[in-house]
Amino acid sequence: MQSKRKVALFVSSLDFGGAERVVSHLSNELTKYFDVTLILLYNNIEYPLNNNVKVIALSKENETHKRNKIARFKDYYQFIFKYQKVLKNENIDLVISFMIRQNMINGIAKTFNPNLKTIISERCFPSKRYLDTQSRALLTKTLIPFLYNKNNKLFSNSVYINKDLIENFKIKIDSHVIYNPIQIDNKEPHFNYYHSEKDIFNTVTVGRLIPIKNQKSILGALKTLPEHVCLDVFGDGELKKELANLSEKNNLTKRVIIHGNVSNIKSHLTNYHCFILSSLSEGFPNAILEAMSVGLPVISTNCMSGPLELLNENIPVTIEPNSFYKAKYGILVNVDDVQGLANAIEYLQQNNAERSKYSLLGIKRSKDYSIEIIGLQLKNLIDSI
């Protein structure tokens, strides 16, 4: 019997986050085809891995956000050498890295070992995330083309990410799109009818509490809506206290609950009437996909990138200010349009028929992204090198 090809996936950690969840799904699925090693910078694992995935952490630390910049720079310098040692000791034939730091380390490893096969994966919209300050823009405009182009192939989770990398970061290597996967449970679809305005209309959002996720715009919309419209927030991050204070300032404390992180978000999503994504920018939002998979109708900003691809098959739309667009699989609003978001919430609250329609369509759409389909796409990309 021929031994399986030795493939590694390389990511910072498996802490709570969209990219981290994707890596856990892909690691498990790829064990069908390869001998899989998961290489982490930091030893933090919040998502399930099967017993066939070998895990190697380059550091015992698991709280990276509390370390100062000097300590983290020292860590990354050491990681370059530790990473190459692991690749050699484990006889890794091909490695897939996820997100900018790991992609750059992969480019360095490829420089010192040209026979190593490397695939890099970009998970966010680069011009939104890497060009936000002048110093950061100068650094990334230099390092991304220099180090990314040393690898064999690249895949992202949006056609717009690849376009941005090619046009604004001079990426020349073979580029592909492989969307995020989801585990399909094949359970009976669940739909929460909304009976009357005497009842609570429960909305929910999921994501890190950071500026780019823009949860404050949902609070702004909520402020203009009747008291029976409420919001639950799942996630943690630097803006947790600020959002709590904003909620108190606007007399929303009885209508807004911030729960923090949970490990199995899909089991919670079935309790709500609609899902809201308010981001200024995305890569490919897992949270939307998970909501759709359990039949939860979705309202999302039409941000770069992902929502248009998920909710309208990437067919461009024009959304009037203070309004919304009824896309094929959900509702789209303009980025940071508080009134448009409020109007979209009110529309779904008053229309059970529309919510029921989007519930069924969302379940159907989510099946296009099953882990079996996406895992096979990644297998074929690996086999092409």
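Residues numbered from 1 in each chain as written. Predicted model: local features only at pLDDT ≥ 70, side-chain atom pairs only at ≥ 80, totals over all residues. Heavy atoms only, no water.

1. Examining the overall build of the chain
Keep this limit in mind: Labels follow the DSSP assignment, with helices taken as runs of H or I lasting at least four residues and strands as runs of E lasting at least two, numbered in each case from the N terminus. Taken over C-alpha atoms, the radius of gyration is set against a globule rule of 2.2 Å times the number of residues to the power 0.38. Two residues qualify as a contact provided that any one of their heavy atoms is within 4.5 Å of a heavy atom in the partner residue. Only four residue types enter the tally: Lys and Arg on the positive side, Asp and Glu on the negative side; His and the chain ends are excluded. Taken as the charge location is NZ of Lys, CZ of Arg, CG of Asp or CD of Glu.
On a plain count of helices and strands, the chain comes out with 14 helices and 14 strands. Taking 21 Å as the expected radius of gyration for a compact globule of 385 residues, we find that the chain reaches 21 Å, a close match to that expectation. Pairs at least 24 apart in sequence give 67% of the contacts found in the chain among residues at least 6 apart. Considering the chain, the positive charge centre built from 48 side chains and the negative charge centre built from 37 side chains are found 6 Å apart.

2. A look at the sheet that holds strand β10 (residues 256–260)
Note the following rule: At least two DSSP bridges between two strands are needed for those strands to be called paired.
One open sheet holds the seven strands; their spatial order is β10-β9-β8-β11-β12-β14-β13, and the pairing between them is mixed. With one partner strand each, in any of the chains shown, β10 and β13 (325–326) form the two edges of the open sheet. Examined bridge by bridge, β13 and strand β14 (residues 331–333) share two bridges and lie antiparallel to one another. The residue of β14 that forms the bridge with K326 is I331.

3. With respect to the sheet that holds strand β3 (residues 54–59)
This is how the line gets drawn: Between N-to-C directions, angles cover 0 to 180 degrees, with each direction set by a line fitted to C-alpha atoms, over the stretch in contact for helices.
What the seven strands build is an open sheet, ordered β3-β2-β1-β4-β5-β6-β7; its pairing is parallel. Strands with a single pairing partner mark the edges of an open sheet, and in this sheet they are β3 and β7 (174–177). Adjacent strand axes in the sheet meet at a mean angle of 20° when their direction is disregarded.

4. Side note on the pairing of strand β8 (residues 201–206)
Rules: When a residue's accessible area, from a 1.4 Å probe over protein chains only, is under 20% of the maximum for its type it is buried; when over 50% it is exposed; and in between it is partly exposed. Handedness of a crossover is defined as follows: orient the strands so they point away from the viewer, and if the path from the first strand over the helix to the second runs clockwise, the crossover is right-handed.
Across the six residues that make up β8, a large majority, five, are buried. Pairing of β8 with strand β9 (residues 229–234), which is carried by six bridges, proceeds in the parallel orientation. Within the sheet, the bridge partner assigned to F201 lies in β9 and is V229. Read as a crossover between parallel neighbours, the route from β8 over helix α7 (residues 216–224) to β9 is right-handed.

5. Overview of the side chain of D75
Quick reminder of the rule: By the criterion applied in these results, polar contacts are pairs of N or O atoms within 3.5 Å in which, for protein atoms, one can donate a hydrogen and the other can accept it, and in which residues neighboring in sequence qualify only through two side-chain atoms.
Checked against the element boundaries, D75 lands in helix α2 (residues 69–89). By relative accessible area, which is 9% here, D75 ends up buried. Of the polar contacts made by the side chain of D75, one reaches the side chain of Y42; its length is 2.9 Å.

6. With respect to the packing of aromatic side chains
Note the cut-off: Classification of ring pairs uses Phe, Tyr and Trp, with its six-membered ring standing for Trp, and accepts pairs whose centres are within 6.5 Å; under 30 degrees between planes counts as stacked, over 60 as edge-to-face, and the remaining range as tilted.
By the definition in use, this model includes 12 aromatic pairs. Measuring from ring centre to ring centre gives 6.3 Å for Y33 and F34, while their planes differ by 65°; the resulting arrangement is edge-to-face. By relative accessible area, which is 25% here, Y33 ends up partly exposed. Their ring planes at 70° and their centres at 5.8 Å tell us that Y76 and F79 sit as a pair that is edge-to-face. Taken as a pair, Y76 and F79 lie in helix α2 at a separation of three residues, close to a single helical turn. Both residues of the pair, Y76 and F79, count as buried.

7. Observations concerning helix α3 (residues 100–112)
How we decide: Here the expected length of a helix is defined as 1.5 Å per residue gap, with one fewer gap than residues.
Helix length check: α3 (13 residues) gives 19 Å between terminal C-alpha atoms against 18 Å at 1.5 Å per residue, within 8%. Residues of α3 that are buried include every one of I100, Q102, N103, M104, I105, N106, G107, A109 and K110, and no others.

8. Focus: the side chain of S370
Tracing the sequence through the fold places S370 in the loop between α13 (352–366) and α14 (371–383). Look at S370 and you get buried, because its relative accessible area is 8%. Leaving out residues up to four positions away in the same chain, S370 has contacts with I182 and I184.

9. Focus: the packing of helix α1 (residues 18–30) against α14
Think of two packed helices as two axes; the pair is described by the angle between the axes and how far apart they sit. Rules: Comment on the angle field: the value is read as roughly parallel under 35 degrees, roughly antiparallel over 145, roughly perpendicular from 65 to 115, and oblique elsewhere. Polar here means any residue outside two lists: the nonpolar Ala, Val, Leu, Ile, Met, Phe, Trp, Tyr, Cys and Pro, and the charged Asp, Glu, Lys and Arg; Gly therefore counts as polar.
Interaxial distance between α1 and α14 falls to 10 Å at its minimum, and their mutual angle equals 70°. Considering the angle they form, α1 stands roughly perpendicular to α14. Every residue of α14 that contacts α1 at H25, L26, E29 and L30 is listed here: I371, E372, I374, G375, L378, K379 and I382. A per-class count over the contact of α1 with α14 returns six nonpolar, two polar and three charged.

10. Some thoughts on the nonpolar core
This is how the line gets drawn: We define the nonpolar core as a collection of buried residues of types Ala, Val, Leu, Ile, Met, Phe, Trp, Tyr and Cys that are connected through side-chain atoms lying within 4.5 Å of one another.
Core analysis: the largest hydrophobic core is formed by 43 residues, its most contacted members being Y148, L269, F275 and L311. Elements that contribute at least two residues to this core include exactly α3, α5 (134–148), α6 (159–169), β8, β11 (274–277), α10 (286–293) and α11 (307–312). Counting residues per element, this core draws most heavily on α10, which supplies five residues. The residues touching Y148, leaving out its near neighbours within four places in the chain, are I100, N103, M104, I120, E122, L143, L154, L165, I171 and I173. If you look at the next biggest cluster of nonpolar residues, it comprises 27 residues, including A221, V233, I276 and I345.

11. Considerations on the environment of T270
Within the secondary structure, T270 is located in the loop between α9 (266–269) and β11. With 21 residues separating them in the primary sequence, T270 and A291 have C-alpha atoms 8.3 Å apart. Sequence-distant contacts of T270, that is, excluding residues within four places in its chain, are made with H190, N192 and V294.

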